[in-house]
Amino acid sequence: MIIQICVGSSCHLKGSEDMIELLKQAISTHDLENEVTLAGSFCAGKCNRVGVTITVDDEVYTGVTPEGFTEFFKNAVLSRIGK
């Protein structure tokens, strides 16, 4: 699985660095280091007023915030891996 976090200027200002740290922690907590590749991407072209754009494989999620991160990770990552 490839997870790409937009680090373009808009997402950067909305906290992409924080989202990267949350993803690193969640991947480690769930022992997914061998199943997930974490990467940055420049503008995904899906800018939203709130939150960061994250692509999981080919599915784009917009407006991901720290408050909604747990739900995002559960639905977008764990459910795909079967955990």
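First, a word on what this report is: a plain description of the structure on this page.

Cut-offs and rules
Residues numbered from 1 in each chain as written. Predicted model: local features only at pLDDT ≥ 70, side-chain atom pairs only at ≥ 80, totals over all residues. Heavy atoms only, no water. Salt bridge = Lys/Arg side-chain N within 4 Å of Asp/Glu carboxyl O. Helix = DSSP H or I, 4+ residues; strand = E, 2+ residues; numbered from the N terminus. Buried < 20%, exposed > 50% of the residue type's maximum accessible area, 1.4 Å probe, protein only. Expected span 1.5 Å × (residues − 1). Bend = angle between axes of the 7 residues up to and from the residue. Contact = heavy atoms within 4.5 Å. Pairing = 2+ DSSP bridges. Axes fitted to C-alpha atoms, helices over the stretch in contact; angles between N-to-C directions.

What follows concerns the pattern of salt bridges. Per the counting criterion, the structure on display carries two salt bridges. Between Lys-24 and Glu-21 there is a salt bridge, and its shortest N-O distance comes to 3.7 Å. With a gap of three residues between them, Lys-24 and Glu-21 both fall in helix H2 (residues 16–29), about one helical turn apart. Among the residues examined, Lys-24 registers a relative accessible area of 45% and is labelled partly exposed. Owing to a relative accessible area of 41%, Glu-21 belongs among the partly exposed residues under this scheme.

A few words now on unusual backbone geometry. Although it is not a glycine, Asp-31 sits at a positive phi angle of roughly 50°. Mapping Asp-31 onto the fold places it in the loop between H2 and strand S2 (37–41). In this structure Asp-31 comes out as exposed when scored by relative accessible area, which is 57%. With a phi angle near 55°, Asp-57 is a residue other than glycine that sits in the positive phi range. Tracing the chain through its elements places Asp-57 in the loop between strand S3 (52–56) and strand S4 (59–64). Judged by its relative accessible area of 35%, Asp-57 is partly exposed.

So, on to helix H3 (residues 69–81). The end-to-end C-alpha separation of H3 is 17 Å, in line with the 18 Å expected for 13 residues at 1.5 Å each. The largest bend along H3 reaches roughly 30° and is located at Asn-75. Every buried residue of H3 is accounted for by Phe-69, Phe-72, Phe-73, Ala-76, Val-77 and Leu-78. Next to the buried residues of H3 lie strand S1 (2–6), H2, S3 and S4. One or two positions beyond H3, positive phi appears at Gly-82, with a value near 90°.

Another point: the side chain of Thr-53. Relative to the assigned elements, Thr-53 resides in strand S3. Exposure remark for Thr-53: the relative accessible area of 3% places this residue in the buried category. Excluding residues within four positions of it along the chain, Thr-53 makes contact with Gln-4, Ile-5, Cys-6, Cys-11, Ala-44, Lys-46, Val-60, Tyr-61 and Thr-62.

Turning to the sheet that holds S4, a few remarks are in order. Taking strand neighbours across the sheet as the criterion, the four strands line up as S2-S1-S3-S4 in an open arrangement whose pairing is mixed. Looking at strand neighbours, the two that pair on one side only are S2 and S4, the edges of this open sheet. With strand direction ignored, the average angle separating the axes of adjacent strands in the sheet is 25°. In the sheet, S3 pairs with S4 via four bridges, with the strands oriented antiparallel. Across the sheet, the residue bridging to Ile-54 is Tyr-61, located in S4. Sheet strands touched by H3: S1, S3 and S4. Its angle to S4, the strand with the most contacts, is close to 160°.

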